[in-house]
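Architecture at a glance
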Amino acid sequence: MNETKYMNPYLAGFLLGLLLLATIFITGRGLGASGAVKSGVVAAVETVAPSHASEAKFYKEYLSEHDNNPLKNWLVFEVIGVLIGAFISGLVSNRLNWTLEKSPKVTSKVRIVTAIIGGLLFGFGAQLGRGCTSGAALSGMAVLSFGGIITMFAIFGGAYMFAYFFRKLWI
Amino acid sequence: MGPLVPDVIGNELNFVVALFVGIAFGYILEQAGFSTSKKLVGLFYGYDFTVLRVFFTAGITAMIGLVIFAFLGLIDLNLIYVNPTFLYSALVGGFIMGLGFVIGGFCPGTSFCAAAIGKIDAIYFIGGSVIGVLLFGELYPMLYGLYTAENWGLVTVYDLLGTSHAVVAFSFAIMAAGAFWFTRWVELRVNNGATSKEHPLKLYYAVVSILFVMGLSAFLMPSKQNAVLDKANNPEEINSVRLNYITSDELAFRLMDNDNNLQIIDFRPIKEFSEMSLPRSIPMKFKELFGKDALKTIAVKKKLTVFVAADEKDEKKASVIASELGFENVRVLQGGMAAFKSQILNYQAPPEMKTQQEKDTARFRAKASIEVAELIKNNKKAPIEKKKSKRIIGGC
């Protein structure tokens, strides 16, 4: 493992904390990620099936909260930034390449299927839990939101609970 | 005073801020190694606790930073987004996310980060999360009960425990330090001592010590708000505060004159305010003087701000706070609302008037008692809407 290439985790955490603090000070809100997926999904449904979007409660609520412009959302802009920032970082540290990362013990097919299932569960869970690791757990922890911290413990606790059953995917 | 949105930074500019915040976020995550699923799930199998280190250091840094900002009066915590607590959906949603984490190897933020540098598994993960959101959207009516059950509102841990913000933040910092030590120990065992040399940097120790001292001072010393409130409850301070009075007659005159620059801040209990309030007045509690709304209302140059309370004692208390906060151009109603009532609203002319001045005053007050009562009555029909900054909506 070539870990020396990565930043010291405490330093990275400290910088991330300062960024989060600055974000809260400037914008009054924290960081996020899954909300951008939601914006994208609502925008797609509105384009593909406008009548469904105007009828089904989930989309209707979201559209009315966003002046019928689901992509004009803070998190959409933030996630575009994440893509740019991560790309720059990969470029600087020479980590840009197309790879399917997996444990040598599993096939590519297994990795693809588990990535999709994992994403599906995370996407679903983040909607139910009103935020993901960034929006609920990290940002919620910073403002000491009870709900955010419960979600954080549930995410990490849940992952530890289920980790044993999926160990063959990783180790 | 923060947050800077929407007053200093407009809502449109905020999207530009979002882009730059995102760039920094993505850069830091990638530099920390969050673009590889193997590293991310490491903490669940004990071979790599990078995620835990980065995550908790970030959370604690921001948490203590907010304690310090609030302590210095730099941010109005009532305006920042606090994730609402819906107990069951937070727990069930969290467990589902945890399951997704060990199966998929990413979380949404890190999957974007990994996809940006070409990780194909991350792109599939994002595809999966799109399906997950879509599935939730379609099942939303069915899940609505679970989604909205046990709504505790915007509750913080320190509200819930009834302790101070700083105490909770420090407890979390100590918990995190314990977790760092313990996971280091686990990691060494799992990797048979051949683990990476990721000791905290010396710089990090230095910065943490500074923050710790600053935080400790926030913990030990009363915050600016509490210090000022203590001062406002000190009889000596109350009696020595310099007051700029406005008489009942002048206030009545300005009300009748429909003076646009006049604004009255009423510190009486809200119940009394709703029973009877003067035109151009807004209710306020002493504590609200520290908020961003008070700053926006009182620190306006051309306005004439008048503090009103039941009696002068409460007006003096508010004046102590206002002068500590640097508010100028504040006048207080002489004798408080009690005097205004006896001199204007319920005015009874004295049986004997000798001088011309006494007669003029009596004539004015007799006229004012009718006109101001009329103004109060009309005002009740059309209450001035209280300018109140809304809490920012955030979250995912």
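Presented here is an overview of the structure given in this document. (Residues numbered from 1 in each chain as written. Chains lettered and ligands numbered in written order. Predicted model: local features only at pLDDT ≥ 70, side-chain atom pairs only at ≥ 80, totals over all residues. Heavy atoms only, no water.)

As for the overall build of chain A
Filter applied, for reference: Here a strand is any run of E in DSSP of at least two residues, a helix any run of H or I of at least four, and the numbering for each starts at the N terminus. Burial status follows relative accessibility: with a 1.4 Å probe on protein chains alone, a residue under 20% of its type maximum counts as buried, one over 50% as exposed, and anything between as partly exposed. Any two residues whose heavy atoms approach within 4.5 Å are treated as being in contact. Reported accessibility uses the Shrake-Rupley method at a 1.4 Å probe radius. Residues are deemed covered only where the shown protein chains occlude them. The charge count includes Lys and Arg as positive and Asp and Glu as negative, but it does not include His or the ends of the chains. Charge positions are represented by NZ for Lys, CZ for Arg, CG for Asp and CD for Glu.
Along the backbone of chain A there are eight helices and zero strands. Ordered by position from the N terminus, the helices and strands of chain A form the series α-α-α-α-α-α-α-α. With the C-alpha coordinates aligned to their principal axes, the bounding extent of chain A is approximately 50 × 40 × 35 Å. Per-residue burial over chain A gives 60% buried out of 171 residues. Sequence-distant contacts, at least 24 apart, represent 50% of the contacts inside chain A between residues at least 6 apart. Carbon together with sulfur atoms contributes 67% to the accessible area of chain A, which is approximately 6900 Å² in total. Considering chain A, the positive charge centre built from 14 side chains and the negative charge centre built from 8 side chains are found 13 Å apart.

Topic: the pattern of salt bridges
Residue and element names in this part refer to chain B. As a reminder, the rule being used: Here, a salt bridge means any side-chain nitrogen of Lys or Arg that lies within 4 Å of a carboxyl oxygen of Asp or Glu.
This structure, assessed with the given rule, holds 17 salt bridges over all chains. Linking Asp48 and Lys39 is a salt bridge whose minimum nitrogen-to-oxygen distance equals 3.2 Å. Asp266 is the partner of Arg268 in a salt bridge, and the nearest nitrogen-oxygen pair spans 2.8 Å. Comparing Arg268 with Asp266 shows no difference in burial state: the two are buried.

Here's the deal with empty space enclosed by the protein
This is how the line gets drawn: Residues are called lining when one of their atoms sits within 4 Å of a cavity or pocket point, these points coming from a 1 Å grid over the protein atoms alone, where a cavity is a set in which a 1.4 Å probe fits but cannot get out and a pocket is an open set with protein on both sides within 12 Å along at least five of seven lines. Grid points are joined across faces, edges and corners, and a volume is the space filled by probe spheres set on the points. Ten residue types, Ala, Val, Leu, Ile, Met, Phe, Trp, Tyr, Cys and Pro, are classed as nonpolar, four, Asp, Glu, Lys and Arg, as charged, and the remainder, Gly among them, as polar.
Within this structure, the stated rule accounts for four cavities of 30 Å³ or more. In this model, the largest cavity occupies a volume close to 150 Å³. For the lining of the largest cavity, the secondary-structure elements that each account for two or more residues are helix H7 (133-142) of chain A together with helix H1 (11-32), helix H3 (50-71) and helix H5 (108-116) of chain B. Partitioning the lining of the largest cavity into residue classes produces twelve nonpolar, four polar and no charged.

A closer look at helix H2 (residues 34-48) of chain A
The periodicity of an α-helix, 3.6 residues per turn, causes residues three or four positions apart to be oriented the same way. Stated precisely, the cut-off is as follows: A helix's residues, less one, multiplied by 1.5 Å, set its expected span.
Between its terminal C-alpha atoms H2 of chain A stretches 21 Å, which fits the 21 Å expected from 15 residues at 1.5 Å a residue. Burial in H2 of chain A covers these residues: Ser34, Gly35, Ala36, Val37, Lys38, Ser39, Val41, Val42, Ala43 and Val45 of chain A. Against the buried residues of H2 of chain A lie helix H3 (50-55), helix H4 (57-65), helix H5 (74-92) and helix H6 (108-128) of chain A together with H5 and helix H6 (120-148) of chain B.

Overview of unusual backbone geometry
That bond from Gly2 of chain B to Pro3 of chain B is cis: its omega, -5°, falls within 30 degrees of zero. One can find Pro3 of chain B in the segment before H1. A cis geometry characterises the amide bond from Val5 of chain B onward to Pro6 of chain B, with omega recorded as 5°. Tracing the chain through its elements places Pro6 of chain B in the segment before H1. Its identity is not glycine, yet Arg130 of chain A carries a phi of approximately 60°, on the positive side.

Some points on the side chain of Thr50 of chain B
Residue and element names in this part refer to chain B. Short version of the rule: Residues adjacent in sequence count toward polar contacts only when both atoms are side-chain atoms; beyond that, a polar contact is any pair of N or O atoms within 3.5 Å, and within protein one must be able to donate a hydrogen and the other to accept it.
Mapped onto the elements of the fold, Thr50 is located in helix H3. Overall, Thr50 belongs to the buried group, its relative accessible area being 1%. Within the local environment of Thr50, its side chain forms a polar contact with the side chain of Lys39, the two groups lying 3.5 Å apart.

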